[in-house]
Amino acid sequence: MQNTSLVDLMPLLKRRARRLTPSPADAEDLMQDALLRILQRLKKGHSIDKLGPYAMRTLHNQARMKWRGPPPPEELEDDAVAVDPVALTRLECADALQAIDALPADQAVLMRLICSGETSPATLAHQLDVPVGTVMSRLARARARLRDTLGTAE
């Protein structure tokens, strides 16, 4: 019975939503958000005594939540962007890869394995056929050399 009443309220909700929003598409979204909230409440087993006023209040609350949302980010003009945002990260990655290539061969192999996602010393030792202690000492020396080369602090 309440679902039928809710369907009957849809034109009224849509008209009210059009008054609360700047565009018909926004009004449609607002109405659907309100209907979804009401249906979720009904599905959870809650009863709604006066569906009409409840639906209107839900619609208005949904609109207020959208109004209070964070402001949209400012769009930058094309000339305001000096550097591609990803460019600095790419340069840092390229520098790190170049520094790894400059390491002694045994340390470079170890660091490449770590870059590929392997972090277990035991697995690294097994793959390189060396003791775990050797892996740990090579790793410590490689990291120290990379810090010196890249100018970073631990």
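Treat the numbers as computed from the prediction; the structure is a model and nothing was measured. (Residues numbered from 1 in each chain as written. Predicted model: local features only at pLDDT ≥ 70, side-chain atom pairs only at ≥ 80, totals over all residues. Heavy atoms only, no water.)

Considerations on the pattern of salt bridges
Argument step 1. Counted under the stated rule, the structure contains three salt bridges.
Argument step 2. Here Glu28 and Lys14 are joined by a salt bridge, their closest N and O atoms 3.0 Å apart. With Glu28 in helix α2 (residues 24-43) and Lys14 in helix α1 (residues 2-20), the pair connects residues that are 14 residues apart, well separated along the chain.
Argument step 3. The exposure class of Glu28 is partly exposed, given its relative accessible area of 23%.
Argument step 4. The salt bridge involving Asp106 is made with Arg138; its shortest N-O contact spans 3.3 Å. Taken together, the residues Asp106 in helix α5 (residues 105-115) and Arg138 in helix α7 (residues 132-150) connect sequence positions 32 residues apart. (Salt bridge = Lys/Arg side-chain N within 4 Å of Asp/Glu carboxyl O. Helix = DSSP H or I, 4+ residues; strand = E, 2+ residues; numbered from the N terminus. Buried < 20%, exposed > 50% of the residue type's maximum accessible area, 1.4 Å probe, protein only.)

Some details on α2
Argument step 1. With 20 residues, α2 should cover 28 Å at 1.5 Å per step; its first-to-last C-alpha distance of 28 Å lies within 8% of that length.
Argument step 2. Of the positions making up α2, those classed as buried are Ala27, Leu30, Met31, Ala34, Leu35, Ile38 and Leu42. Buried residues of α2 fall within an arc of 130° about the axis and therefore sit on the same side.
Argument step 3. Positive phi shows up at Gly45, right after α2, with a value of about 95°. (Expected span 1.5 Å × (residues − 1). Arc of directions from axis to C-beta.)

Observations concerning the environment of Asp95
Argument step 1. When you line up the elements, Asp95 lands in helix α4 (residues 87-101).
Argument step 2. The exposure class assigned to Asp95 is partly exposed, which follows from its relative accessible area of 41%.

Some remarks on the layout of surface pockets
Argument step 1. In this structure, the largest pocket occupies an estimated 200 Å³ of space.
Argument step 2. Around the largest pocket, the lining residues are Arg37, Gln40, Arg41, Lys44, His46, Tyr54, Arg57, Thr58, Asn61, Gln62 and Met65.
Argument step 3. Ranked by the residues each element gives to the lining of the largest pocket, the list is headed by helix α3 (residues 51-68), at six residues.
Argument step 4. Considered class by class, the residues forming the lining of the largest pocket number two nonpolar, five polar and four charged. (1 Å grid on protein atoms, 1.4 Å probe; cavity = no way out; pocket = protein on both sides within 12 Å on 5 of 7 lines; lining within 4 Å. Points joined across faces, edges and corners; volume = space filled by probe spheres on them. Nonpolar A, V, L, I, M, F, W, Y, C, P; charged D, E, K, R; others polar.)

Here we look at the packing of α5 against α7
For any two helices packed against each other, the geometry is given by the interaxial angle and the distance between the axes.
Argument step 1. It is at 9 Å that the axes of α5 and α7 come closest, and there the two elements cross at 90°. For the element pair α5 / α7, the angle class is roughly perpendicular. Taken together, the residues of α7 that come into contact with α5 (itself represented by Asp106, Gln107, Leu110, Met111 and Ile114) are Val135, Arg138, Leu139, Arg141, Ala142 and Leu146.
Argument step 2. Considering only residue class, the contact of α5 with α7 consists of seven nonpolar, one polar and three charged. (Axes fitted to C-alpha atoms, helices over the stretch in contact; angles between N-to-C directions. Parallel < 35°, antiparallel > 145°, perpendicular 65-115°, else oblique. Contact = heavy atoms within 4.5 Å.)

Concerning α7
Argument step 1. Between its terminal C-alpha atoms α7 stretches 26 Å, which fits the 27 Å expected from 19 residues at 1.5 Å a residue.
Argument step 2. Turning to α7, its buried residues number three or more, namely Val135, Arg138, Leu139, Ala142 and Leu146. Seen from one end, α7 has its buried residues packed into an arc of 105°, which puts them on one side. Across from the buried face of α7, at angles greater than 90 degrees, the exposed residues are Gly133 and Asp148.

Quick notes on unusual backbone geometry
Note on backbone geometry: most residues besides glycine have negative phi, and most peptide bonds are trans.
Argument step 1. The phi dihedral of Asp129 falls on the positive side, at around 60°, and the residue is not glycine.
Argument step 2. Relative to the assigned elements, Asp129 resides in the loop between α6 (121-128) and α7.
Argument step 3. Residue Asp129 is classed as exposed on the basis of its relative accessible area, which comes to 71%.

Quick notes on the environment of Met136
Argument step 1. Secondary-structure assignment places Met136 in helix α7.
Argument step 2. When the C-alpha atoms of Met136 and Leu124 are compared, they prove to be 9.6 Å apart, with 12 residues separating the residues in sequence.

Some points on the nonpolar core
Inside soluble globular proteins, nonpolar side chains tend to come together where they are buried.
Argument step 1. By size, the foremost hydrophobic cluster in this structure holds 17 residues, and its most contacted members are Leu13, Ala17, Leu30, Ile38, Leu51 and Leu59.
Argument step 2. For this core, the secondary structure elements donating two or more residues are α1, α2 and α3.
Argument step 3. Per element, the largest residue contribution to this core is seven residues, and it comes from α2.
Argument step 4. Ignoring sequence-local partners within four residues, the contact set of Ala17 consists of Ala27, Leu30, Met31 and Leu59. (Core = buried A, V, L, I, M, F, W, Y, C linked by side-chain atoms within 4.5 Å.)

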